[in-house]
Amino acid sequence: MKTKEFKIRSDYSEVTPVTKLIRSFCLEENVKVSDCNETEICLMEALNNVIKHAYKGDSSKSISIDVKINDKELIIRITDTGYPRKNFGKPKLEYDPNDIENLPEGGMGLYIIDQLMDEIFYESQNGINTFHMKKIVAKPASV
Amino acid sequence: MADFNVNVRGVGSVSVIDVKGYLDAHTAPQLENAFNQLIDGSKYKVVVNFNDLSYISSAGLGVFMAYVETMRENKGDIKFSNMQDGVYNIFDLLGFPMLYEFYKNENEAIEKFKESISK
């Protein structure tokens, strides 16, 4: 099991650089490129959600990201101390393509994460919010 | 800092928006500004050329959702061209092909606008 920890300020400008670092870490650990790409997308969405919903755009807070990779799984834990999210249920994205007045402009991030990850889980305890994402990854057999 | 560039150019009655780099929550306001300027200039026929876009997040997708209604209400549209597979996969995941027209290259998208004018 390889583990790496990252910490960023809750600023949108810090999201892309850290997702690139984590993608590099996944590639170094021989995770398949397509899995690395999908993980990068989910990380971006999850971190943006923390800044927007938990910290309400306050860029002075911090977000911790723990990444664990073994032969079968990639596990990411994102921790913040902002407002806990409510109604964190199974995300749905339903819209009528003929009704463009009512297209969703938000709520797509969690839906993307749910589609690309194999398991997601959110909890909030004692002022600490944690979002877990797990992806079954394909790695070449060790020689 | 994430690299993103947006450039708007006119091709006849059609406006082409070239997007480059990473389009995410941090950079999406630049694209919103481009759309606002087009609307201020009463330009509603838009092709977005994704040739140099490496990544799009849901915040970027939300921009297109926000502006398509205004464009169509004014006899225009937002059409997409030159999209890399990785970027298209995100659009596809969210059902965008039901809502928007995707073209392999910019000229095809521009021609489509011309066809709709001549009808």
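Not measured: the values here are computed from a predicted model. (Residues numbered from 1 in each chain as written. Chains lettered and ligands numbered in written order. Predicted model: local features only at pLDDT ≥ 70, side-chain atom pairs only at ≥ 80, totals over all residues. Heavy atoms only, no water.)

### Some remarks on the pairing of strand β3 (residues 45-56) of chain B
All names here are of chain B. When strand β2 (residues 14-23) meets β3, the two strands line up parallel, connected through eight bridges. The residue of β3 that forms the bridge with K20 is D52. Considered for its hand, the β-α-β crossover made up of β2, helix α1 (residues 28-40) and β3 is right-handed. Here β3 pairs with strand β4 (residues 77-81) via five bridges, running parallel. Each bridged residue has a counterpart across the sheet, and for V47 the counterpart in β4 is K79. This β-α-β element, β3 to helix α2 (residues 58-73) to β4, shows right-handed connectivity. (Pairing = 2+ DSSP bridges. Helix = DSSP H or I, 4+ residues; strand = E, 2+ residues; numbered from the N terminus. Right-handed = clockwise from strand over helix to strand, strands pointing away.)

### Focus: the confidence of the model for chain B
All names here are of chain B. Put simply, chain B has an average pLDDT of 93, and 96% of its residues get 70 or more. Of all secondary-structure elements in chain B, the lowest mean pLDDT belongs to helix α4 (residues 106-118), at 87, while β4 reaches the highest, 98. On the interface metric, ipTM, the complex scores 0.77, and its pTM is 0.84. (pLDDT = per-residue confidence, 0-100.)

### Overview of the nonpolar core
Membership of the largest hydrophobic core comes to 74 residues, with the highest contact counts inside it found for I65(A), I78(A), F35(B), F50(B), F64(B) and F96(B). Of the residues forming this core, the biggest block, 10 residues, is contributed by helix α2 (residues 33-54) of chain A. If sequence neighbours within four positions are ignored, I78(A) has contacts with L43(A), A46(A), L47(A), V50(A), I63(A), S64(A), I65(A), N129(A), T130(A), F131(A) and M133(A). Of all hydrophobic cores here, the second largest spans seven residues; its members include V47(B), A109(B), I110(B) and F113(B). (Core = buried A, V, L, I, M, F, W, Y, C linked by side-chain atoms within 4.5 Å. Buried < 20%, exposed > 50% of the residue type's maximum accessible area, 1.4 Å probe, protein only. Contact = heavy atoms within 4.5 Å.)

### Some remarks on unusual backbone geometry
The phi dihedral of N30(A) falls on the positive side, at around 65°, and the residue is not glycine. Looking at where N30(A) falls in the secondary structure, it is placed in the loop between α1 (15-28) and α2. Taking the relative accessible area as the measure of exposure, N30(A) reaches 48% and is therefore partly exposed. Look at N82(B): it is not a glycine, yet its phi comes out positive at around 55°. Topologically, N82(B) is positioned in the loop between β4 and α3 (85-93). When its relative accessible area of 18% is taken as the criterion, N82(B) is described as buried.

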